[in-house]
Amino acid sequence: MLNKTSEKLFAGRRYGQYTMNQETTRVTERPPFDRSSSQDSLDELSMEDYWIELENIKKSSENRQDQEVVVVKEPDEGELEEEWLKEAGLSNLFGEAAGDPQESMVFLSTLTRTQAAAVQKRVETVSQTLRKKNKQYQVPDVRDIFAQQRESKEKEAPDGTESQSVRTDENKYPGKDGQASNLIVGEKELIPVGPEEAPASETDINLEVSFAEQAVNQKENSKEKTQRGKGDDAPLPSFRLPKDKTGTTRIGDLAPQDMKKVCHLALIELTALYDVLGVELKQQKAVKIKTKDSGLFCVPLTVLLEQDQKKVPGTRIPLIFQKLISRIEEGGLETEGLLRIPGAAMRIKNLCQELEAKFYEGTFNWESVKQHDAASLLKLFIRELPQPLLSVEYLKAFQAVQNLPTKKQQLQALNLLVILLPDANRDTLKALLEFLQRVVDNREKNKMTIMNVAMVMAPNLFMSHTLGLKSSEQREFAMAAGIANIMHLLIRYQKLLWTIPKFIVNQVRKQNTENHRKDKKAMKKLLKKMAYDREKYEKPDKSVNDADVPQGVIRVQAPHLSKVSMAIQLTEELKASDVLARFLSQESSGVAQTLKNGEVSLYEIGGNIGERCLDDDTYMKDLYQLNPNAEWVIKSKPS
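Note on numbering: residues in each chain are counted from 1, in written sequence order. Residues qualify for local features only when their pLDDT is at least 70, as the model is predicted, and side-chain atom pairs are given and counted only at 80 or more; totals for whole chains, interfaces and linings, by contrast, use all residues. Side-chain measures were taken over the full set of non-hydrogen atoms in the model, leaving aside hydrogen atoms and water.

As annotated in an unreviewed UniProt entry, the chain is Rho GTPase-activating protein 18 from Sus scrofa. UniProt positions are given in the numbering used here, feature names are shortened, and annotations may be inferred rather than shown by experiment. According to the UniProt record, the Subcellular location (unreviewed entry) comment for the chain reads "Cytoplasm". The record in UniProt for the chain states the following under Subunit (unreviewed entry): "Interacts with MPHOSPH6."

See the structure below:
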């Protein structure tokens with residue numbers, strides 16, 4: 001028996017097939033926009049949009065047979081887990097380096113219980129695979145690795161050298177049956193959010209506690225069963241991020257060396273979350289094929305950006321992609337059926353050829369491109385990337401989001417997946433989602449609700465024909481509503497998805513603290529061996545800083561402004577925006593206008609973080625207590 005959602009799917013599919021089977025009927029000749037007030041009719045018409053878009057994609061691919069198909073390699077389980085450990089920055093836990101895993105001890109010591117379990121599971125699989133292959137080198141027992149981790153933590157000197165402000169002792173669990181009952185971050189106890197614990201904050205996204213730990217806590221403390229399909233037709237909740245006194249960290253705010261650690265932790269956390277919720281997470285790997293090394297369509301994003309940066313240095317989003325969006329917007333976002341109505345197939349093909357020849361020469365006549373043609377070209381560009389915009393490695397993981405029990409967990413998984421995307425893919429996806437939101441903002445006139453836009457765009461992002469995905473009709477039915485839901489979440493919550501969870505930032509801080517301590521110990525040994533004066537080298541600048549800056553005062557540097565340095569007294573209410581305002585009051589009107597435009601920011605540099613751009617609402621005293629050894633610098637934001 002079909003449930004209500006399935007009935008709508010089949011109804012939409014039947015209607016779509018009828019429309020597409022009429023040779024003389026064009027999509028542009030459909031009846032004027034007409035909807036009843038019932039949600040059912042909206043859903044059916046939305047599904048019609050999906051199936052018509054899918055048919056348009058198939059017709060488009062038939063007309064362009066010249067593109068080589070990317071073959072997805074299906075490695076065995078051991079190879080998958082080995083690749084996973086490499087991606088997570090833990091390759092020295094196996095292979096020739098497996099006998100000396102000391103480099104990973106600091107990293108492992110920062111993991112939560114569920115993260116450690118995810119790593120342990122993969123190490124065990126790799127170890128078993130290597131033993132079966134009769135590898136000559138020693139394969140460590142995973143229990144020994146984590147025993148070394150615990151032993152190293154127990155042997156740490158109790159002399160207070162560890163920064164208590166970033167202590168995340170997440171391996172102490174006094175809860176029932178060894179399960180997590182609380183986590184410690186600094187001096188603040190954080191209770192993982194469960195439905196019974198925070199009824200007034202059901203729509204808050206808790207970024208202070210591991211998502212996987214929250215999932216474990218929810219399963220343990222709630223007898224309420226999650227209902228996967230119940231929320232499909234209900235309005236999406238208004239998720240929000242609670243204010244964080246130490247500031248929200250967004251992708252792009254951290255230095256590359258710290259961002260690399262964030263990506264390692266995000267992969268482990270995503271895997272732990274999927275493990276806890278019983279959802280399979282398998283990364284894909286595309287076999288390398290010969291791709292075009294120039295042009296616009298069917299060209300890898302990285303190649304496009306290399307071309308574009310020769311024309312416009314610092315370009316992060318392909319110029320053709322930007323130009324197609326601006327051309328659509330020039331025609332007005334109020335146009336009815338925008339994104340839904342395709343351009344004529346032959347005209348699109350001719351425009352592609354002309355763009356390839358004239359775009360970089362600057363001789364292409366953009367006035368000849370109709371709005372719906374530009375929209376079709378934009379979707380074609382996305383589909384014909386040699387590897388999907390959501391990446392070969394994580395496309396299946398994005399699709400698997402639909403199998404997570406709650407909308408909040410789906411959103412948490414998408415947050416981690418966005419972090420894991422390559423920079424070029426992530427930046428281009430952000431530009432696309434921002435554009436789609438602007439389309440939705442004009443829904444009263446263009447009749448493109450967020451669900452309509454999601455239905456039209458989902459096949460272009462999730463069912464890339466460049467991967468040779470041959471779907472049965474049954475599989476298409478199963479996937480349609482799911483991937484449209486994911487597309488809906490990507491558009492609706494895009495501002496949340498570019499946030500780096502605080503618990504991951506805290507783990508990075510702890511790694512940096514531990515590494516700094518080990519480096520300091522190594523330096524002491526070196527200095528002893530070389531018979532240097534220890535006093536001279538252990539305290540080079542500290543006395544100057546102590547004399548220069550009294551207790552409770554920070555020294556803020558602004559090397560590019562006329563007022564290059566300022567001592568600022570910390571108060572409970574002092575924010576990063578107030579620090580900028582102090583410098584603003586000292587500057588000329590031109591520089592002051594620059595500051596107002598948000599082209600400069602206050603940065604936290606050093607201590608337990610490499611570099612972090614602060615948001616305006618960061619409370620400086622709270623952040624200073626978290627990272628007392630940092631330097632504070634005002635400088636320009638990267639373009």
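### A few points about the overall build of the chain
The secondary structure listing takes helices from DSSP runs of H or I that are at least 4 residues long and strands from runs of E that are at least 2 residues long, numbered from the N terminus. When helices and strands are tallied, the chain shows 25 helices and 11 strands. For every residue, the accessible area (1.4 Å probe, protein chains only) is compared with the maximum for its type, and the residue is labelled buried under 20%, exposed over 50%, or partly exposed between those bounds. For the chain, the proportion of its 639 residues judged to be buried stands at 51%. Summarising the internal contacts of the chain: among those between residues at least 6 apart in sequence, 75% fall at separations of at least 24. Summed over its atoms, the accessible surface of the chain is roughly 31700 Å², and 49% of this surface lies on carbon and sulfur atoms. Contacts are residue-level and defined by heavy atoms, with any inter-residue pair within 4.5 Å sufficient. Reported accessibility uses the Shrake-Rupley method at a 1.4 Å probe radius. Residues are deemed covered only where the shown protein chains occlude them.

### Comments concerning the sheet that holds strand 11 (residues 631-636)
One open sheet holds the 5 strands; their spatial order is 8-7-11-9-10, and the pairing between them is mixed. Edge strands, defined here as strands with exactly one partner in the open sheet, are strand 8 (565-569) and strand 10 (609-613). The mean inter-strand angle of the sheet, taken between neighbouring strand axes irrespective of direction, is 25 degrees. Both strand 9 (residues 600-606) and strand 11 contribute to a ladder of 6 bridges, which runs antiparallel. When the bridges of strand 11 are listed, Val-600 appears paired with Ser-636. The strands touched by helix 23 (residues 576-584) are strand 7 (553-557), strand 8, strand 9 and strand 11; relative to strand 8, the strand with the most contacts, the crossing angle is about 135 degrees. DSSP bridges decide pairing: two strands pair if at least two such bridges lie between them. Interaxial angles span 0 to 180 degrees and are taken between N-to-C directions of axes, which are lines fitted to C-alpha atoms, for helices over the stretch in contact.

### Remarks on the pattern of salt bridges
What makes a salt bridge here is a side-chain nitrogen of Lys or Arg within 4 Å of a carboxyl oxygen of Asp or Glu, nothing more. Taken as a whole, this structure holds 22 salt bridges when the rule is applied. The partner of Asp-275 in a salt bridge is Arg-122, and the shortest N-O contact between them spans 2.6 Å. On the criterion of sequence distance, the pair formed by Asp-275 in helix 8 (residues 256-276) and Arg-122 in helix 5 (residues 113-132) is long-range, its members being 153 residues apart. For Asp-275, a relative accessible area of 27% corresponds to the partly exposed category. A salt bridge links Asp-258 to Lys-261, with the nearest nitrogen and oxygen atoms 4.0 Å apart. Within this pair, Asp-258 and its partner Lys-261 are both found in helix 8, separated by 3 residues, close to a single helical turn. Looking at Asp-258, the relative accessible area reads 1%, which means it is buried. Within this structure, Glu-81, Lys-121, Arg-122 and Asp-275 form a network of salt bridges that share partners.

### What about the pairing of strand 9?
Burial analysis of strand 9 places 5 of its 7 residues in the buried class, the great majority of the element. Across 4 bridges, strand 9 lies against strand 10 in antiparallel orientation. Pairing of Gly-606 across the sheet is with Ile-609, part of strand 10. Joining the antiparallel neighbours strand 9 and strand 10 is a turn of 2 residues, in which Gly-607 adopts a positive phi near 75 degrees.

### Observations concerning the pairing of strand 7
Both strand 7 and strand 8 contribute to a ladder of 5 bridges, which runs antiparallel. Across the sheet, the residue bridging to Arg-555 is Ala-567, located in strand 8. Pairing of strand 7 with strand 11 involves 2 bridges; the strand directions are parallel. Each residue of the ladder has a partner; that of Val-556, found in strand 11, is Trp-632.

### Focus on the environment of Ile-325
By the secondary structure assignment, Ile-325 is in helix 10 (residues 319-330). With relative accessibility at 7%, the residue Ile-325 sits in the buried group. Expressed as a C-alpha distance, the spacing of Ile-325 and Gln-371, which sit 46 residues apart in the sequence, is 9.8 Å. What Ile-325 contacts, discounting residues up to four positions off in sequence, is Leu-378, Ala-431, Phe-435 and Arg-438.

### Some words on the packing of aromatic side chains
Within 6.5 Å between ring centres, the rings of Phe, Tyr and Trp (the latter by its six-membered ring) count as paired, and their orientation is classed by plane angle as stacked under 30 degrees, edge-to-face over 60, tilted in between. One pass over the full model with this rule turns up 7 aromatic pairs. Between Phe-297 and Phe-381 the ring centres are 6.3 Å apart and the planes differ by 75 degrees, which places this aromatic pair in the edge-to-face class. Here Phe-297, found in the loop between strand 5 (285-286) and helix 9 (301-311), pairs with Phe-381, found in helix 12 (residues 371-383); they are 84 residues apart in sequence, far enough to count as distant. Phe-381 sits in the buried class, given a relative accessible area of 2%. Ring plane angle 50 degrees and centroid distance 5.7 Å describe the contact between Phe-321 and Phe-381, whose orientation is recorded as tilted. In this pair, Phe-321 is assigned in helix 10 and Phe-381 in helix 12, connecting sequence segments 60 residues apart.

### A closer look at unusual backbone geometry
Its identity as a non-glycine residue notwithstanding, Cys-298 has a phi of 60 degrees, on the positive side. Structurally, the position occupied by Cys-298 is in the loop between strand 5 and helix 9. You will see that Ser-391, though not glycine, has its phi angle at about 75 degrees, which is positive. In this structure, Ser-391 sits in the loop between helix 12 and helix 13 (395-400).

### Things to note about the state of the cysteines
By definition, disulfides here are pairs of cysteine sulfur atoms that lie within 2.5 Å. If you walk through the whole model with that rule in mind, you get 0 disulfides. A disulfide-free cysteine, Cys-298 has its sulfur positioned 8.3 Å from the sulfur of Cys-352, the nearest such atom. Taking the relative accessible area as the measure of exposure, Cys-298 reaches 15% and is therefore buried.

### Focus on the packing of helix 7 (residues 211-221) against helix 8
Helix 8 packs onto helix 7 with a crossing angle of 15 degrees between their chain directions and a minimal axis gap of 8 Å. As the angle between them shows, helix 7 and helix 8 are arranged roughly parallel. In this structure, helix 7 meets helix 8 at a crossing whose hand is left-handed. Of the residues in helix 8, those in contact with Phe-211, Ala-212, Ala-215, Val-216 and Lys-219 of helix 7 are Glu-269, Ala-272, Leu-273 and Val-276. In the contact of helix 7 with helix 8, the residues fall into 7 nonpolar, no polar and 2 charged. Here the angle decides the label: under 35 degrees means roughly parallel, over 145 means roughly antiparallel, 65 to 115 means roughly perpendicular, and every other value means oblique. Crossing handedness follows the turn of the near helix against the far one: under a right angle anticlockwise gives a left-handed crossing, and clockwise gives a right-handed one. Amino acids outside the nonpolar list (Ala, Val, Leu, Ile, Met, Phe, Trp, Tyr, Cys, Pro) and the charged list (Asp, Glu, Lys, Arg) are all regarded as polar, and Gly is one of them.

### Comments concerning the side chain of Thr-315
Relative to the helices and strands, Thr-315 resides in the loop between helix 9 and helix 10. Contacts of Thr-315, omitting those with residues within four sequence positions, involve Leu-305, Asp-308, Gln-309 and Gln-322.

### Let's talk about the nonpolar core
Counting residues in hydrophobic clusters, the biggest one holds 133 residues, and the most contacted among them are Tyr-50, Tyr-274, Leu-339, Leu-436, Phe-462 and Met-487. Of all the elements, helix 8 adds the most residues to this core, at 11 residues. Those residues in contact with Leu-436 that lie beyond four places of it in its chain are Leu-339, Val-453, Met-457, Met-487 and Ile-491. Here, nonpolar core refers to any group of buried Ala, Val, Leu, Ile, Met, Phe, Trp, Tyr and Cys residues whose side-chain atoms link them within 4.5 Å. Residues Val-556, Leu-561, Leu-602 and Leu-614 belong to the second largest nonpolar core, which totals 21 residues.

### Brief notes about the environment of Ile-605
Examined against the element boundaries, Ile-605 turns out to sit in strand 9. Judged by its relative accessible area of 22%, Ile-605 is partly exposed. In this structure, the C-alpha to C-alpha distance between Ile-605 and Asn-629, residues 24 residues apart in sequence, is 8.9 Å. Setting aside residues up to four positions removed in sequence, Ile-605 forms contacts with Gly-610, Glu-611, Ala-630, Glu-631 and Val-633.

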